[in-house]
Amino acid sequence: RTNTPLQALVTLNDPQFVEAARHLAELALKEGGETKQSRLDFIANRLLARPFRAEEMPIVEKSLDQFSSYYREHEEDAKKVIAIGESKPDEKLEPPQLAAWTMATNELMNLDEVLNK
């Protein structure tokens, strides 16, 4: 097992990881249900092969809420985040919402349990 700072820098900042996170975030927003919790469980099931535990969900929700607050106030930053990678973001989704879900998903993709499952 490894969880070095260098590994975290790669997984959090590499364009392919950010783009992959955006695609999973798009799927969650379109197919994961109508609630934040159902969408987060959609992501968890794909990354962890299990739903979030009761003690994990508030942490993940708080992180998503922080990203949401930031990107609602900084829409240009949101547009930059969702433009990372070769594929184009889904134009039907609002940039601040997609950016927040992208960054929350990217954060989850960096979990040791995801990288080493």
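Residues numbered from 1 in each chain as written. Predicted model: local features only at pLDDT ≥ 70, side-chain atom pairs only at ≥ 80, totals over all residues. Heavy atoms only, no water.

**Considerations on helix H5 (residues 75-82)**
Each full turn of the α-helix corresponds to 3.6 residues, which orients residues three or four apart in the same direction. Residues Ala78, Val81 and Ile82 constitute the buried set of H5. Along H5, the residues classed as buried sweep out an arc of 90° about the axis, all on the same side. Away from its buried face, by an angle of more than 90 degrees, H5 presents the exposed residues Glu76 and Lys80. Where H5 is buried, its residues touch helix H2 (15-31), helix H4 (57-73) and helix H6 (95-109). (Buried < 20%, exposed > 50% of the residue type's maximum accessible area, 1.4 Å probe, protein only. Helix = DSSP H or I, 4+ residues; strand = E, 2+ residues; numbered from the N terminus. Arc of directions from axis to C-beta. Contact = heavy atoms within 4.5 Å.)

**Describing the packing of aromatic side chains**
Between two aromatic rings, the relevant description is the distance of the centres plus the angle of the planes. With the rule as written, the count across this model stands at one aromatic pair. A centroid spacing of 5.0 Å and a plane angle of 85° characterise the contact between tyrosine 70 and tyrosine 71, whose relative ring orientation is edge-to-face. According to the relative accessible area criterion, tyrosine 70 is partly exposed, its value standing at 35%. (Phe/Tyr/Trp six-rings, centres within 6.5 Å; stacked < 30°, edge-to-face > 60°.)

**Focus: H2**
Over its 17 residues, H2 runs 24 Å from end to end, which matches the ideal 24 Å to within 8%, given 1.5 Å per residue. Inspection of H2 places Val18, Glu19, Ala21, Arg22, Leu24, Ala25, Glu26, Ala28 and Leu29 among the buried residues, and these make up the whole buried set. Between the side-chain oxygen of the N-cap and the backbone nitrogen of glutamine 16 there are 2.8 Å, and the N-cap of H2 in question is aspartate 14. Taken from the residues just after H2, glycine 33 is the one with a positive phi, measuring 105°. (Expected span 1.5 Å × (residues − 1). Polar contact = N/O pair within 3.5 Å; in protein donor to acceptor, adjacent residues only side chain to side chain.)

**Re the pattern of salt bridges**
Across all of its chains, the model carries seven salt bridges by this definition. The salt bridge partner of arginine 50 is glutamate 56, with a shortest N-O separation of 2.9 Å. Through salt bridges with shared partners, a single ionic network connects Arg50, Arg53, Glu56 and Glu113. (Salt bridge = Lys/Arg side-chain N within 4 Å of Asp/Glu carboxyl O.)

Nothing here speaks to function; it is geometry throughout.
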